[in-house]
Amino acid sequence: MLKTLRPALLLFAMLSLLTGLAYPLLTTALAQALFPQQANGSLIEKNGQIIGSRLIGQQFSGDKYFWGRPSATSPMAYNAGSSGGSNLGPTNQAQLDAVKANLDHLRQAHPTQTATVPVDLVTASASGLDPEISLAAAYYQLERVAQARGMPLARLHQLVDDHIIGETFGLLGEPRVNVLELNLALDAVK
């Protein structure tokens, strides 16, 4: 029995060291060397203070800011420790009620807007933490933000256009805008 147990324990120890120590250290070192910004959370700093991440949405509710997608996290919006969708299907009454409430809120905030409300402004993403919105969602909010800031609509439209993130590798996904970065740029406009 000892003859069989000894190689098994030795193999267990070697694989534990390899997969539990060597591999994580190697991948961490490579990530830090090749992609330091991403490996450290894609953090955004302002005046030397961390104010957010490019990867996690934040709550913006004032009229002078662009709003992101609704968050499905709890007990508070955009809680990274509680990432995950609501798991409510499209015919679930709670989901329908949430979408209707979001639609009503958007229509109240944009009373002169006649365009169709972009779906990403009324539904949460799969993670509940999406930091980006579609161009349609950004353009939908232009008039409200311009009016709240007393800013020319053309200047605000240009600011959105300046913050467009194209398709990944030129073919995956769709053009979009990071809400935190756009709002920070908006605050920087004099």
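Residues numbered from 1 in each chain as written. Predicted model: local features only at pLDDT ≥ 70, side-chain atom pairs only at ≥ 80, totals over all residues. Heavy atoms only, no water.

1. Description of the overall build of the protein chain
Per the secondary structure count, the protein chain includes seven helices and five strands. When its helices and strands are written in sequence order, the protein chain yields α-α-β-β-α-β-α-α-α-β-β-α. Dimensions of the protein chain, computed from the C-alpha atoms along their principal axes, are close to 80 × 45 × 35 Å. Burial statistics for the protein chain: of 190 residues in total, 28% are counted as buried. Taking the contacts inside the protein chain whose residues are at least 6 apart along the sequence as the reference set, 57% of them involve residues at least 24 apart. Only carbon and sulfur atoms are counted for the fraction: they give 61% of the accessible area of the protein chain, which is about 12,100 Å². Distance between charge centroids for the protein chain: 9 Å, based on 13 positive and 14 negative side chains. (Helix = DSSP H or I, 4+ residues; strand = E, 2+ residues; numbered from the N terminus. Buried < 20%, exposed > 50% of the residue type's maximum accessible area, 1.4 Å probe, protein only. Contact = heavy atoms within 4.5 Å. Areas by Shrake-Rupley, 256 points an atom, 1.4 Å probe, with all protein chains shown as cover. Lys, Arg positive; Asp, Glu negative; His and termini not counted. Charge placed at Lys NZ, Arg CZ, Asp CG, Glu CD.)

2. As for the packing of aromatic side chains
This structure, assessed with the given rule, holds one aromatic pair. Note on F60 and Y65: the rings are 5.3 Å apart at their centroids and 40° apart in plane angle, and the pair reads as tilted. The pair formed by F60 and Y65 is uniform in burial state, with each residue classed as buried. When the ring centre of W67 is taken as origin, the NZ or CZ atom of R144, which lies over that ring, is 3.7 Å away. We note R149 situated over the ring of Y65; from NZ or CZ to the ring centre the distance is 5.1 Å. (Phe/Tyr/Trp six-rings, centres within 6.5 Å; stacked < 30°, edge-to-face > 60°. Lys NZ or Arg CZ within 6 Å of the ring centre and 35° of its normal.)

3. Things to note about the nonpolar core
Ranked by internal contacts, the top residues of the largest apolar core, which has 28 residues, are F66, L156, V160 and L186. Looking at this core, the elements with two or more residues in it are α3 (93-109), α4 (135-140), α5 (142-149), α6 (153-162) and α7 (179-188). Here this core gets five residues from one element, more than from any other, and that element is α7. Those residues in contact with L156 that sit more than four places away from it in its chain are F66, L142, V145, A146, M151 and L186. (Core = buried A, V, L, I, M, F, W, Y, C linked by side-chain atoms within 4.5 Å.)

4. Describing the sheet that holds strand β3 (residues 132-134)
With respect to topology, three strands assemble into an open sheet ordered β3-β5-β4, the strand pairing being antiparallel. The two strands at the open ends of the sheet, each matched to only one other strand, are β3 and β4 (164-165). Where β4 lies against strand β5 (residues 176-178), two bridges are found, and the strand directions are antiparallel. The partner of I164 across the bridge, within β5, is V177. (Pairing = 2+ DSSP bridges.)

5. Some thoughts on the domain arrangement of the protein chain
A common measure of how large an interface is: the accessible area buried when the components associate. Segmenting the protein chain into domains produces domain 1 (1-40) and domain 2 (50-188). Inter-centroid distance (C-alpha atoms) of domain 1 to domain 2 is 41 Å. (Domains from an automatic or database assignment.)

6. Describing α6
L156, L159 and V160 are the residues of α6 that are buried. Looking down the long axis of α6, one finds its buried residues gathered within 100° of arc, a one-sided arrangement. Residues of α6 that are buried sit in contact with α4, α5, β4, β5 and α7. (Arc of directions from axis to C-beta.)

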